[in-house]
Amino acid sequence: ENGLHMADANKPITIERHDAVALVTLERPDAYNALNRALSQSLVEAFDELAGNSEVHAVVLTGAGKAFCAGVDLKELTANPGVLKDGGMGTSSPMVRALRDCGKPVIGAINGPAVTGGFELALACDFLYASPHARFADTHARVGLLPGWGLSQKLGRLIGINRAREASLTGNFISAEQAEAWGLVNKICTPDSLIQEAVDAAQQIAESNPDTIKAMRSLMNDGDLLSLGEALELEGSRGIAYLEHADFSQMENRLQALRSRSQKR
């Protein structure tokens, strides 16, 4: 481990290295990690920094304290309504872009409530592990806003449109157990093992070729925006193009390493 950095009052995020994995923690526990300008900017800076770090191959994102993220800080939003309007929403919003374009798979370790903007931050991750204390809620309709970071479109594709309608129109919580049953969460871990299990999964990702992981992630994400027919065409064209750079001489060695690993387990 290479210790912590970016952990002061003006940059309320910590980044902790576990070999080729970066653990990013939101550090506003007293405010349930609500996204004020400082935390949002730190989050963007952290993922931009990780995007350029060739030693980091996968990322885990979690929250300090009892919550994952309570969403946009409404006190700051009330004082400055332009926070969201000025490029803060939509597919080009800095936060959405930073997670999407970092090029490294991001596992969300959902330690507690992920609410509204915090729910959208969870959905910006590649997949989710959760503590039994995790809960998800979309309260946009209750506070009088529409989502701008993907929730209205992503949630229905993950759990089914009728379940998503119920969640977003009522604003009610989805429990960790329900989230796992519906495919929103991949795995429920004990509170004490959540971070380690997420880091372990990230380290398994980091064992693969980082260039291929980046290309695979991009292919899956870009294909998710298309019809199945278009997505299959995309896979075919990118797969053929990738063969130009494939190192066939290393493939047998990698397969042998996989065989030996499977025999040890």
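Residues numbered from 1 in each chain as written. Predicted model: local features only at pLDDT ≥ 70, side-chain atom pairs only at ≥ 80, totals over all residues. Heavy atoms only, no water.

Draft legend 1. Geometry of the overall build of the chain. Summing up its helical and strand segments, the chain has 13 helices and ten strands in all. Within the chain, buried positions represent 42% of all 265 residues. Total accessible area computed for the chain in this model is approximately 14300 Å², and 54% of it derives from carbon and sulfur atoms. (Helix = DSSP H or I, 4+ residues; strand = E, 2+ residues; numbered from the N terminus. Buried < 20%, exposed > 50% of the residue type's maximum accessible area, 1.4 Å probe, protein only. Areas by Shrake-Rupley, 256 points an atom, 1.4 Å probe, with all protein chains shown as cover.)

Draft legend 2. Layout of the confidence of the model for the chain. Confidence along the chain averages 89 in pLDDT terms, with 89% of residues attaining 70 or more. Confidence over residues 1–9 falls short of pLDDT 50; this stretch has 24 contacts with residues more than four positions distant or in other chains. (pLDDT = per-residue confidence, 0-100. Contact = heavy atoms within 4.5 Å.)

Draft legend 3. The packing of helix α7 (residues 151–159) against helix α8 (residues 161–170), seen in detail. It is at 7 Å that the axes of α7 and α8 come closest, and there the two elements cross at 135°. Judged by the inter-axis angle, α7 sits oblique to α8. Along this stretch, α7 crosses α8, giving a crossing that reads as right-handed. Across from L151, L155, G156 and I159 in α7, the residues of α8 making contact are I161, R163, A164, A167 and S168. The residue makeup of the contact of α7 with α8, split by class, is six nonpolar, two polar and one charged. (Axes fitted to C-alpha atoms, helices over the stretch in contact; angles between N-to-C directions. Parallel < 35°, antiparallel > 145°, perpendicular 65-115°, else oblique. Left-handed = near helix turned anticlockwise from the far one by under 90°. Nonpolar A, V, L, I, M, F, W, Y, C, P; charged D, E, K, R; others polar.)

Draft legend 4. The pattern of salt bridges, seen in detail. Tallying each qualifying case throughout the model produces seven salt bridges. Across the pair D101 and R100 runs a salt bridge whose closest N-O atoms are separated by 3.1 Å. Looking at R100, the relative accessible area reads 39%, which means it is partly exposed. (Salt bridge = Lys/Arg side-chain N within 4 Å of Asp/Glu carboxyl O.)

Draft legend 5. Focus on the nonpolar core. With 48 residues, the main nonpolar core has F47, L61, I110, L121, F136, L155 and L184 as its most contacted residues. Take this core: its biggest share by element is six residues, from helix α1 (residues 37–51). In contact with L155, other than residues within four places in its own chain, are F119, L123, G160, A164, A167, S168 and L184. Ranked by size, the runner-up nonpolar core spans 14 residues in total, among them V60, C189, L194 and A202. (Core = buried A, V, L, I, M, F, W, Y, C linked by side-chain atoms within 4.5 Å.)

Draft legend 6. Quick peek at a nonpolar patch on the surface. Taken together, the side chains of L74, V143 and L145 define a hydrophobic patch exposed on the protein surface, amounting to about 240 Å² of accessible area. In this structure, L74 sits in helix α2 (residues 74–79). (Patch = residues over 30% accessible without salt bridge, like charges linked within 9 Å, V, L, I, M, F, W, Y side chains within 5 Å.)

Draft legend 7. Fine view of the side chain of N36. Here N36 lies in the loop between β3 (21–26) and α1. The contact partners of N36, leaving out residues within four places of it in the chain, are R28, D73 and E76.

Draft legend 8. Just α1, in detail. Taking 1.5 Å per residue, 15 residues should reach 21 Å; α1 reaches 21 Å between its end C-alpha atoms and fits that length. Where α1 is concerned, the buried positions are L39, S42, L43, V44, A46, F47 and L50. (Expected span 1.5 Å × (residues − 1).)

Draft legend 9. Spatial organisation of the packing of helix α11 (residues 210–223) against helix α12 (residues 228–243). Here α11 crosses α12 at 160°, and the two axes come no closer than 9 Å. With respect to α12, the axis of α11 lies roughly antiparallel. Once α11 is placed against α12, the crossing between them reads as right-handed. Contact with α11, carried on its side by D211, T212, A215, S218, L219, D222 and G223, involves A231, L234, E235, R238 and Y242 of α12 and no other residues of that element.

Draft legend 10. Inspection of the pairing of strand β4 (residues 58–63) at higher detail. The element β4 is extensively covered by neighbouring structure, given that six of its six residues are classed as buried. Side chains A58, V60 and T62 of β4 all project onto a buried face; the interleaved residues V59, L61 and G63 project onto the opposite face, where all are buried too. In terms of strand pairing, β3 meets β4 through six bridges, oriented parallel. Within the sheet, the bridge partner assigned to V21 lies in β4 and is A58. Since β3 and β4 lie parallel, the crossover through α1 that links them has a hand, and here it is right-handed. In terms of strand pairing, β4 meets strand β5 (residues 106–110) through four bridges, oriented parallel. For L61, the partnering residue across the bridge sits in β5 and is G108. (Pairing = 2+ DSSP bridges. Right-handed = clockwise from strand over helix to strand, strands pointing away.)

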